[in-house]
Amino acid sequence: MIVLSNLSKTYAQQTEDNAALKGVSFEVRPGEIFGLIGKSGAGKTTLLRILAQLETPTSGYVDVNGVRIAGVGKHGGDEVKRQLGIVFQNFDLLMQKTVEQNIAFPLQLRGIEKHERMRRVEELLKLVGLSDKAKAYPAMLSGGQKQRVAIARALASDPSSLLLDEPTSALDSVTTRSILSLLKEISEQRKVTIIIITHEIGVVKSICQRVAVLDEGNVVEIGSVSDVFTRPQSPMTRLLLGAKEVTDFGNPS
Amino acid sequence: MEILRDILLATGETLYMSLVSLVISYLIGLPLGILLILTQSDGLFPRKTVNTVLGWIVDMARSVPFIILMILIVPVTRWVMGTAIGTTAAIVPLTLCAIPFVARVSEQSLKEVDKGTIEAVLAMGAKPWQIILHVYLNEALPSLVRGIALTAINIIGYSAMAGALGGGGLGNYAITEGYYRYDTTLVIYTVLVIVVIVILLQTTFNFVAKKINHKK
């Protein structure tokens, strides 16, 4: 369970009126696929950076499975970091390490011995369907394959939650569909909570169970995807729904 | 035949003082380069004062002409090596001159490492030393290797200059045996040897840097 309570973030050059986050509260239930949607500038990135402990909130807190992370800072909070596997927008793989070294990296950081590391890597490569790319370097992979490596790497420490930042924005629609079905498979097989931060309503529609709509640093709407998208209450949700042709990625199975 | 032996001997001296200077200057200069990266405003440990002061020292040291530096630090050289003349003595000014150069060249290489990658690794719970080792040094390795070649070639060039002040090696040989005795052929031979060393060095390091670069 991830609980965000009254989370605010005002950057140095901001006033309280245009703060990045203005008291955001919501919770993500264990095992669900949760969507966080909003336009650029809505506060999505700030929220991600707080969850990743790259940024400290001005006020409020975040609890991950009962452990408070706010204020831990970027050099601390190892246990919570292990609990949260993060897939960043640009994949952020280590270019000088092979696919298997990349996936093993979080385990290597924790001093897990090599034999155990390799066993985990083999299993994860199979899960993401890249067993034949173990010795390849990231530069040799396609965007979709890099995303799969990033997902495998985020799962390496056996986290309880997986957090993905715009996981599909760099991918074409066919690749997007295959990544979404992989996420669904991970959610079903491993009971991992998945949080997807996105601006694409199609992504939320196709795999999320619940969604929060973020606008100018506030959660303006939250609920089940069917409720929020069939009876949108806030202008922002309506805008997101109607702004442009919604790409339907289908229901991956 | 005697010339060949002398040139070989001088080449050996040049390689000896350059290599020792290169190794020592990296032992000190690389950590300084890392310190510059860590303390910059968006680094792992932002420390504006440390970064600025260190940057000044490095730049000031770099702006002193080698010949002047060599003369200025004669007392230091004598204190460290027991003498200020000869091949081994030349190691002191060569190293001192190379340290700030290494610091800046390494800093530039490390700066190329993607900031997003560092943040991603931080979010995994990496310790600072793990980030330095696995991310900064490992990701920047091809660029760092090219920096080593650049430094080595610079040191060889300066070592020839040190030769003018009794430093030994090819530079000393070219001046004392060639230039002072109006033996231009000998000067040309010596220069050719230096050119060959530099070309060999650059080619080898370029090859290695390319071989270990997996970014493309």
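For the structure itself, consult the block above.
Structural notes, computed from the coordinates. (Residues numbered from 1 in each chain as written. Chains lettered and ligands numbered in written order. Predicted model: local features only at pLDDT ≥ 70, side-chain atom pairs only at ≥ 80, totals over all residues. Heavy atoms only, no water.)

**Focus: the interface of chain B and chain A**
- Counting residues at the interface gives 28 residues for chain B and 23 residues for chain A.
- Buried area between chain B and chain A, summed over both chains or domains, comes out near 2,200 Å², and the portion from carbon and sulfur atoms is 57%.
- Arg49(A) is the salt-bridge partner of Glu119(B), the closest N and O atoms lying 2.7 Å from each other.
- Put simply, chain B and chain A have 10 residue pairs in polar contact (both at pLDDT 80 or more) between them.
- At the level of secondary structure, the elements contributing two or more residues to the side of chain B that touches chain A comprise helix 6 (115-123), helix 7 (128-139) and helix 8 (141-164) of chain B.
- In terms of residue count, the dominant contributor to the side of chain B that touches chain A is helix 6 of chain B (seven residues).
- The residue makeup of the side of chain B that touches chain A, split by class, is 13 nonpolar, nine polar and six charged. (Contact = heavy atoms within 4.5 Å. Buried area = accessible area lost by both parts, 1.4 Å probe. Salt bridge = Lys/Arg side-chain N within 4 Å of Asp/Glu carboxyl O. Polar contact = N/O pair within 3.5 Å; in protein donor to acceptor, adjacent residues only side chain to side chain. Helix = DSSP H or I, 4+ residues; strand = E, 2+ residues; numbered from the N terminus. Nonpolar A, V, L, I, M, F, W, Y, C, P; charged D, E, K, R; others polar.)

**Topic: the nonpolar core**
- Counting residues in hydrophobic clusters, the biggest one holds 51 residues, and the most contacted among them are Ile2(A), Val62(A) and Ile131(B).
- Those residues in contact with Ile2(A) that lie beyond four places of it in its chain are Phe26(A), Glu27(A), Val28(A), Leu51(A), Val62(A), Asp63(A), Val64(A), Leu84(A), Ser161(A) and Ile195(A).
- In terms of nonpolar packing, the next biggest core, distinct from the first, is built from 49 residues, Leu127(A), Ile151(A), Leu164(A) and Leu171(A) among them. (Core = buried A, V, L, I, M, F, W, Y, C linked by side-chain atoms within 4.5 Å. Buried < 20%, exposed > 50% of the residue type's maximum accessible area, 1.4 Å probe, protein only.)

**Observations concerning helix 7 of chain B**
- Looking at helix 7 of chain B, one finds that the buried residues are Gln130(B), Ile131(B), Ile132(B), His134(B), Val135(B), Tyr136(B), Leu137(B) and Glu139(B).
- Buried residues along helix 7 of chain B sit against helix 3 (99-109) of chain A together with helix 1 (2-39), helix 5 (87-111), helix 6 and helix 8 of chain B.

**Some details on the sheet that holds strand 5 (residues 67-68) of chain A**
Residue and element names in this part refer to chain A.
- Reading across from one edge, 2-1-4-5 is the order of the four strands in this open sheet, with antiparallel pairing throughout. Strand pairing shows two members of the sheet lacking a second neighbour, strand 2 (21-28) and strand 5, which therefore form its edges.
- With five bridges connecting them, strand 1 (residues 2-9) and strand 4 (residues 59-64) associate as antiparallel partners. Directly across from Ile 2, in strand 4, lies its bridge partner Val 64.
- The strands that helix 1 (residues 44-51) touches are strand 1, strand 2 and strand 4; relative to strand 1, the one it contacts most, it runs at about 120 degrees. (Pairing = 2+ DSSP bridges. Axes fitted to C-alpha atoms, helices over the stretch in contact; angles between N-to-C directions.)

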